[in-house]
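# Fold and geometry: a report
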Amino acid sequence: MTTTSFAVVDPGFATTIQDAGRRGWAHLGVPRAGPVDPLLADLANRLVGNPPGTPLFETAGGLEVELAAPTPVLVASTTSTGPSVVAPGGRIRVAHDPHRSFHYLAVAGGLVADPVLGSVSHDTLSGLGPSAVVRGSVWRIRGANVRALGALDDRSGPERSTEGPSAVPDVSPLRPLPEVIPVHLGPRPARFHDDAFDLLCTTRWRVAVGSDRVGVRLEAVDGTVLTRRDAPEPASEGLVLGAVQVPHDGQPVVMSVDHPTTGGYPVVAVIPLPGLVGVTQRPPGSIVRFVPAR
Amino acid sequence: MARVVDFGPTALLVDDVDAAGLAALLLDRRPDRVVDVVAGDGSVVIDVDRPEDLAGVRRLVGSLVADLGSERTVSARHVRLAVRFDGPDLAEVARRIGRSVDDVIGSVTGSSLEVAFCGFAPGFAYLTGLEPALHLPRRASPRTRVPAGSFAVAAGYAAVYPGASPGGWHLLGSVDVPVWDPDRDPPALLAPGTRVTVEAVAEPAVER
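The notes below deal with the structure included here. Note that residues are indexed from 1 along each chain, following the sequence as it is written. All chains are assigned letters beginning with A, and all ligands numbers beginning with 1, in the order in which they are written. The model is predicted, so local features are restricted to residues of pLDDT at least 70 and side-chain atom pairs to those at 80 or more, both for listing and for counting; the totals for chains, interfaces and linings are taken over all residues. Processing note: side-chain calculations cover all non-hydrogen atoms of the structure and skip hydrogens and water entirely.

### Points about the overall build of chain B
Definition in use: Only DSSP runs of H or I with at least four residues qualify as helices, and only runs of E with at least two residues qualify as strands; both kinds are numbered from the N terminus onward. Here the radius of gyration uses the C-alpha set of atoms, whereas the globule reference equals 2.2 Å times the residue count to the power 0.38. Working definition: with a 1.4 Å probe on protein chains only, accessible area under 20% of the residue-type maximum means buried, over 50% means exposed, and in between means partly exposed.
For chain B, the count of helices and strands is 4 helices and 13 strands. Computed over its C-alpha atoms, the radius of gyration of chain B comes to 18 Å, within 12% of the 17 Å expected for a compact globule of 208 residues. Taking the principal axes of its C-alpha atoms as reference, chain B extends roughly 55 × 35 × 35 Å. Relative to its 208 residues, chain B shows a buried fraction of 50%.

Written out as structure tokens, the structure is:
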């Protein structure tokens, strides 16, 4: 009897297992993890009948898995337009999307992994959670929801690939990423010169290379620098998702899901979800702008 | 005088407060709408579930801060930390502050240390309570690898590295008991508010 599982044929880039995240442990220095794009991850889970937070793959593209199972399973990749059925031995590939950094591959029933502090999310900063998804690794699928297949026309058959189209996919359930992103003023405006928040909102920022699950570096297109007041280096204090830190070079760094729990750089602004994905899902080279939140 | 300010739409920053005391109180009570409590150097960040929870949590925090006296109401754990004072920087630190190695060891073991906050890595606790002479800036050139269990000092704090990592602190010794184990309850030996006494031990490291 085959245990229902995926074998990783190609790990792709920046591929990890994610569930709802590892909240409630920040006081011990544990990052929150979870999906970079929670609404998109929820969509993938919903398409296969899973509740939100069911463990799934997050990938920056190129992930390819092969199904070992006695029966077909229902999957959904957010690079495709809907759920589909994969037959035993079949492969699924999640294509790289030049317009959106992270996509999700969900399977009915969800992936199985050993929880750490109540979560199976992999946090790339501290390394907590199941190991990164590597070539040859095998990931069990929890009680594949065979009943869900009855709702579809019979599409099972020989090996079926659900690779997204090679052109930029038109994934209609996906909302477009916002380009003008609301931000709130940070908690200590006195740490900056008076115009810093205004400059943040009037400057065009380019997403820098090296942005990842920990944070997104922004560079001013026109060389603008956000200036901090001359003062002793700010003490170490708690950070939140979406906090915009300003290190010595005056270029903002946006905290993403694996952000460190404390930091010493002053925070000029905070970007709330859902607009935050307009930064954290944008590939390097993208231009973003900010506007004061109402 | 403690202040409570918004930190975005789903968090608060409490400034100029007994951070370890307030954090310990909130972590002990775990109010429903509070998701995370992060102590820092003189401040506490409180993360709530939804924007609509912020006003209620702000009121709760305001009343807790008002009642926070000099006496801690949550009894703190007390940990005895066995340290083998064999660190590569011990002699240099002693030389730098004009004291003997035994003096430095005696100063650390004679101090009442406390976990002010955690950060940098899971289970990495910043301990306050060292005498001012041992408040040294970080090393000019950090190490690319500090061994797990290293007992170190810098910037007015002492700490034990939970895992091997790059580090710029002065290594005074080593600790055998794992300070971080996610499969243990509690996972962190040193949590905010924990009081720590260091004991010098002489036995060589256990081979693992």
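### Some details on the sheet that holds strand E12 (residues 215–220) of chain A
Residue and element names in this part refer to chain A. Spelled out, the test is: By definition, two strands form a pair when at least two bridges between them are found by DSSP. In this analysis an axis means a line fitted to C-alpha atoms, helices contributing only their contacting stretch, and an angle means the value between N-to-C directions, from 0 to 180 degrees.
Taken together, 7 strands build a closed barrel; the order of strands is E10-E17-E14-E15-E12-E11-E18 and the barrel is mixed. The mean inter-strand angle of the sheet, taken between neighbouring strand axes irrespective of direction, is 40 degrees. Taken together, the 3 bridges between E12 and strand E15 (residues 253–255) define a ladder with antiparallel strand orientation. Residue pairing in the sheet places Gly-215 in a bridge with Met-255 of E15.

### A look at the pattern of salt bridges
Note the cut-off: Criterion for a salt bridge: a side-chain nitrogen of Lys or Arg within 4 Å of a carboxyl oxygen of Asp or Glu.
This model, assessed by the stated rule, comprises 24 salt bridges over all chains. Its salt-bridge partner being Arg-50 of chain B, residue Asp-53 of chain B comes within 2.9 Å of it at the nearest N-O pair. Among the ionic contacts, a cluster of salt bridges with common partners joins Glu-64, Glu-66, Arg-91 and Arg-93 of chain A.

### Re unusual backbone geometry
With omega at 0 degrees, the peptide bond leading from Leu-273 of chain A into Pro-274 of chain A counts as cis. For Pro-274 of chain A, the location among the structural elements is in the loop between strand E17 (267–270) and helix H3 (277–280). The peptide bond linking Asp-185 of chain B to Pro-186 of chain B adopts the cis configuration, its omega dihedral lying at 0 degrees. Here Pro-186 of chain B is to be found in the loop between strand E12 (170–174) and strand E13 (195–200). The backbone phi angle of Ala-14 of chain A is positive, close to 55 degrees, even though this residue is not glycine. Turning to its location among the elements, Ala-14 of chain A is positioned in the loop between strand E1 (5–11) and strand E2 (16–18). Judged by relative accessible area, Ala-14 of chain A falls into the partly exposed class, the value being 34%. The phi torsion at Ala-155 of chain B lies on the positive side, around 55 degrees, for a residue other than glycine. In this fold, Ala-155 of chain B is placed in the loop between strand E9 (150–154) and strand E10 (157–160). Among the residues examined, Ala-155 of chain B registers a relative accessible area of 41% and is labelled partly exposed.

### Some points on the packing of aromatic side chains
To describe a pair of aromatic rings, one takes the distance between the centres and the angle between the planes. All names here are of chain B. Which entries qualify depends on this criterion: Any pair of Phe, Tyr and Trp rings, taking the six-membered ring for Trp, is counted once the centres come within 6.5 Å. Such a pair is stacked with planes under 30 degrees apart, edge-to-face with planes over 60 apart, and tilted for the rest.
For the coordinates displayed, the defined rule picks out 11 aromatic pairs over all chains. On the basis of an interplanar angle of 80 degrees and a centroid distance of 5.6 Å, the ring pair of Phe-117 and Tyr-157 is categorised as edge-to-face. Residue Phe-117 is located in strand E6 (residues 113–118), and its partner Tyr-157 is located in strand E10; the two are separated by 40 residues in the primary sequence. Here Phe-117 falls in the buried class, since its relative accessible area comes to 0%. Aromatic pair Phe-120 and Phe-124: ring centres 5.0 Å apart, planes at 75 degrees, arrangement edge-to-face. Residue Phe-120 is classed as partly exposed on the basis of its relative accessible area, which comes to 43%. With relative accessibility at 1%, the residue Phe-124 sits in the buried group. Taken together, Phe-117, Phe-120, Phe-124, Tyr-126, Tyr-157, Tyr-161 and Trp-169 form an aromatic cluster joined through their ring pairs.

### Looking at helix H1 (residues 38–47) of chain A
Residues and elements named next belong to chain A. Definition in use: Residue contacts follow a heavy-atom distance rule, with two residues in contact if any of their heavy atoms lie within 4.5 Å.
Taken residue by residue, H1 has Leu-40, Ala-41, Leu-43, Ala-44 and Asn-45 as its buried positions. Taken together, the buried residues of H1 touch strand E3 (56–59), strand E5 (73–77) and strand E8 (103–107). Directly after H1, the chain includes Gly-49, whose backbone phi takes a positive value near 80 degrees.

### A closer look at the environment of Gly-173 of chain B
Within the secondary structure, Gly-173 of chain B is located in strand E12. Taking the C-alpha atoms as reference, Gly-173 of chain B lies 4.9 Å from Phe-151 of chain B; in sequence the two are 22 residues apart.

### Examining the pairing of E5 of chain A
All names here are of chain A. Counting buried positions along E5 yields 5 of 5 residues, so the element is predominantly enclosed. Burial along E5 is two-sided: Val-73, Val-75 and Ser-77 facing one way and Leu-74 and Ala-76 facing the other are all buried. Where E5 folds back on strand E6 (residues 84–86), the antiparallel hairpin that results is connected by 6 residues. Two elements, E5 and E8, share 3 bridges in a ladder whose sense is antiparallel.

### So, the nonpolar core
Note on soluble globular proteins: their nonpolar side chains tend to be buried together. For clarity, the cut-off: Think of a nonpolar core as a cluster: buried Ala, Val, Leu, Ile, Met, Phe, Trp, Tyr and Cys residues, connected wherever their side-chain atoms sit within 4.5 Å.
Membership of the largest hydrophobic core comes to 41 residues, with the highest contact counts inside it found for Leu-200, Leu-218, Val-268, Ile-271 and Phe-290 of chain A. Setting aside anything within four residues of it in sequence, one finds Ile-271 of chain A in contact with Ile-181, Pro-182, Val-183, Leu-241, Gly-242, Val-244, Val-254, Leu-276, Val-279 and Phe-290 of chain A. Residues Val-83, Phe-85, Leu-172 and Val-179 of chain B belong to the second largest nonpolar core, which totals 37 residues.

### Section: the pairing of strand E4 (residues 63–68) of chain A
In this sheet, E4 of chain A lies alongside E1 of chain A in antiparallel orientation, the contact comprising 6 bridges. Note on E4 of chain A: the bridge partner recorded for Phe-6 of chain A is Leu-67 of chain A.

### A closer look at empty space enclosed by the protein
To find leftover empty space, one rolls a probe the size of a water molecule over the atoms. Basically, it comes down to this: A pocket, in this scheme, is an open set of points on a 1 Å grid over the protein atoms alone with protein on both sides within 12 Å along at least 5 of 7 lines, while a cavity is a set where a 1.4 Å probe fits but cannot get out; residues line either one if an atom lies within 4 Å of a point. Grid points are joined across faces, edges and corners, and a volume is the space filled by probe spheres set on the points. Ten residue types, Ala, Val, Leu, Ile, Met, Phe, Trp, Tyr, Cys and Pro, are classed as nonpolar, four, Asp, Glu, Lys and Arg, as charged, and the remainder, Gly among them, as polar.
Within the structure shown, the criterion is met by 5 cavities of 30 Å³ or more. Estimates place the volume of the largest cavity at around 110 Å³. In this structure, the largest cavity is lined by 14 residues; those nearest its centre are Ala-26, Leu-239 and His-259 of chain A together with Asp-36 and Asp-47 of chain B. Secondary-structure elements contributing two or more residues to the lining of the largest cavity are strand E3 (34–39) and strand E4 (43–48) of chain B. Tallied by class, residues from the lining of the largest cavity come to 8 nonpolar, 2 polar and 4 charged.

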